[in-house]
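Read off the chains here:
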Amino acid sequence: MRKILSCALLGALILPLAAVTGCKKASDERSKYEMQLEYFPEERRLAANMRVTVPNETENAFEELKFQLWANAYREGAKYAPVSELYAPAAYYDGKSYGGITVNNVDGCEKFSVTGEDENILSVTLGAPLYPDESVTLDVSFEVTLAKINHRLGEGKNAVNLAHYYPVLCYCPDGSFREYVYAASGDPFVSECADYDVTLTVPEDYTVISAGKPECVAQNGKKTYHVITENVRDSAFVLGKNFQNAKTTAGGVEVEYYYVSDSKPELALGVAADSLAYFDKSFGDYPLSTYTVVQTDFPYGGMEFAGLSMISLDLREAEIPTVVAHETAHQWWYALVGSNQFESSWQDEGLAEFSTALFFGAHEKYGGTYAQFIEASERSYRAFFSVYSQINGSQNTAMNRPLTSFTGDYEYRNIAYDKGVILFSRLKSVVGDGKFFEGLKRYAARYGGKIATESDLASCFSSANAEGLIRSFTEGLCVI
Ligand SMILES: [Zn+2]
C-alpha cells in the first residue's frame, strides 16, 4: 500500500485458458482455490462456492485448519476497524455502513466454526488427521456483504473492490497457524502463494478487472469472467461500469491501465510500464505475463495485489508517479517475495518505497531525484522523531512490531516507510551498489514464492555488515 498523508495530518463457465504463472514451488506443494462467485449489486452481496485443496507441507499432522476471514473486519461491532478514524469520513462516503462474511457450510470436514479474537478466523476440524505430504479438499460455501466504503473490499462510490473476500489459509511457518486481526494502519495480510481458478458472474453492464487474462462470456443479461492465476499471493477484482483503458507493453509484459476519470492516462500507464521494466532489470524477472493498474475508490494512495494494483481516484497528477511506481515495486516486494506484513511491515513497504526512490533516480523526467527522495524521507522521519520524543519523553523506533501497536497512520508511515527508506539507503551506501543490487536480485530469486524473514533478507547481501546494520534499524538502536 502507498499511503499519502496530507500536510494537515502532521497534525459458472469454465473456459480453456492459458494460465498466468508466478514463480517456483511445484503445484502439488501449493494450495489451490477454485471459486464460483456471483455479485448481486442490489444487495451488495457476493455469493461464493469455494473448493480449496490444502497440501500439508509441514512435518506435523493437522487435525484442524485455520483460515483468515479478513472480510469480517467490515462487520458491525468489529473490534478492529478497517480504517482509522482519520480516514473513516473519506472512506465511508455515505455514512456508516457495514458488511461481513457468512460461512454457510464447509463440506469435507467434521465441523467448522468462526473463531479468533475478532471473529476473524474460520476453524475447520478435519474428519481425520492430515499427515505430511497428504492433502485435503474442502468445499466452502460463503457470502460476503459489502459495506458502502471506498476501501479494499466494498462498494465504492464509483466501483466495487473485491479483495480479501474469501477465507485464506492462515500463515503457518512452523506447523502452527498464525491468526492476525485487521489493522487500520498498514496491510494486515500474510498469505502464501497459491493457485487460483475463479469464475465471477456480474450483471452485463459491469466490467471486471483482474490480474491475468480473464475470459468473458455474456449470457442472459449477465457476464461471466474466468481467470486462472498460478503461484500468486492473492485473488482480487475491481468491478465497474464506466472504465476506459489504455495499454502498452514492457519487455514482453502486457501493461494495462483502467480508469474512470483521468485526463492524462498516459502518465499512469507510462510509469507502470517504465517502472515494471526498470524493476525487472534491477531485481529480476517479473513473473507474470500481464500487469494491470486500475483507478478505483480507495482512501489511501494505492494498494497492491499479485499482477494488479489499485490506485486512488483522488490522486493528484503530481502524486501518480510515486504511487504507481511504489505499487509496481510491490510486485517484487509482496507479490513475488512475501514477508510478514503484520509483524515486519517495513520489509515490503520500506523496500517498495526505496525501490521508488531508485526508479526516480533513473527516470528524472517524473519529477524527482534519488537524493531528493531520500532527503524527504529523512526530513519526515526526523520531524516525526522530534515531535513524538517531545510528547512521549522517548520514542519507540523499533520496526518489527505488530501493526496494531502503532498509534496511528503518522507513526506507521514514518517507521515502516520513511525509516525503511533510510535503512535501505544506508545499506546501499555501506555495501556498495554492486553488492546491493546483487543482494536484491538474490533476495527475489531465493525467496520468490515464499515468505522471507529479516535474516533471510540480510543473508542475501554478501557483506558482514548487512545483518548488523539492518538489525540496528529494526531494533530501534541506531540514531538517525
Ligand atoms: Zn506499499
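Residues numbered from 1 in each chain as written. Predicted model: local features only at pLDDT ≥ 70, side-chain atom pairs only at ≥ 80, totals over all residues.

Asker: Please explain the nonpolar core as it appears in this structure.
Answerer: Nonpolar side chains in soluble globular proteins generally cluster together in the buried interior. Among the nonpolar cores identified, the biggest contains 151 residues, and Leu162, Leu239, Ala268, Ala272, Leu276 and Val324 are the most heavily contacted of them. Take this core: its biggest share by element is 11 residues, from helix α6 (residues 409–431). Ignoring any residue separated from it by four or fewer positions in sequence, one finds Leu239 in contact with Tyr39, Ala159, Val160, Leu162, Val202, Tyr206 and Val208. (Core = buried A, V, L, I, M, F, W, Y, C linked by C-beta atoms within 7 Å. Buried ≥ 20, exposed ≤ 12 C-beta atoms within 10 Å, placed from the backbone. Helix = DSSP H or I, 4+ residues; strand = E, 2+ residues; numbered from the N terminus. Contact = placed C-beta atoms within 7 Å.)

Asker: Mind showing me how you'd approach the domain arrangement of the protein chain here?
Answerer: A common way to report how large an interface is uses the accessible area buried once the components associate. Once the domains are mapped, the protein chain shows domain 1 (31–192) and domain 2 (359–474). Across the contact, 10 residues belong to domain 1 and 8 residues belong to domain 2. Partitioning the side of domain 1 that touches domain 2 into residue classes produces 6 nonpolar, 3 polar and 1 charged. (Domains from an automatic or database assignment. Nonpolar A, V, L, I, M, F, W, Y, C, P; charged D, E, K, R; others polar.)

Asker: Would you mind going over unusual backbone geometry with me for this structure?
Answerer: A negative phi angle characterises most non-glycine residues, just as the trans form characterises most peptide bonds. One non-glycine residue with positive phi stands out, namely Asn220, at about 50°. Relative to the elements of secondary structure, Asn220 occurs in the loop between β14 (215–219) and β15 (222–232). Residues other than glycine seldom take positive phi values, yet Asn231 does so here, at roughly 55°. In this fold, Asn231 is placed in strand β15. Judged by the 26 C-beta atoms lying within 10 Å of it, Asn231 falls in the buried class.

Asker: In this structure, what is going on with the environment of Ser141? I would like to understand it.
Answerer: Within the secondary structure layout, Ser141 lies in strand β8 (residues 135–145). Each C-alpha atom of the pair Ser141 and Pro321 lies 41 Å from the other, and the pair is 180 residues apart in sequence. The residues touching Ser141, leaving out its near neighbours within four places in the chain, are Asn49, Asn104 and Asn105.

Asker: When you look at the sheet that holds strand β9 (residues 154–155) in this model, what are you seeing that I'm missing?
Answerer: By way of backbone hydrogen bonds, the strands of a sheet pair with one another, either parallel or antiparallel. The strand order across the open sheet formed by 4 strands is β9-β10-β16-β13, and the pairing between neighbours is antiparallel. The open sheet is flanked by β9 and β13 (207–210), the only strands paired with a single partner. As judged from the 2 bridges shared by β9 and strand β10 (residues 159–163), these two strands associate in the antiparallel manner. Along β10, the bridge assignment pairs Glu155 with Val160. (Pairing = 2+ DSSP bridges.)

Asker: Where do I start with the confidence of the model for the protein chain in this structure?
Answerer: Parts of the prediction with low pLDDT should not have their coordinates interpreted in detail. Per-residue confidence for the protein chain gives a mean pLDDT of 94; residues scoring 70 or more make up 95%. Low pLDDT, under 50, characterises residues 6–24; the stretch is placed with 46 contacts to residues that sit more than four places away or in other chains. (pLDDT = per-residue confidence, 0-100.)

Asker: Help me understand the sheet that holds strand β18 (residues 253–259), please; the structure alone is not making it clear to me.
Answerer: What the 5 strands build is an open sheet, ordered β17-β18-β19-β21-β20; its pairing is mixed. Bordering the open sheet on either side are β17 (244–250) and β20 (302–305), each of which pairs with just one other strand. Taking each pair of neighbouring strands and ignoring which way they run, the sheet shows an average axis angle of 15°. Direction of pairing for β17 relative to β18: antiparallel, over a ladder of 7 bridges. Its bridge partner lying in β18, Lys247 is registered against Glu256. Across the sheet, helix α2 (residues 265–283) touches β17, β18, β19 (290–296) and β21 (308–312), and the angle it forms with β18 is around 150°. (Axes fitted to C-alpha atoms, helices over the stretch in contact; angles between N-to-C directions.)

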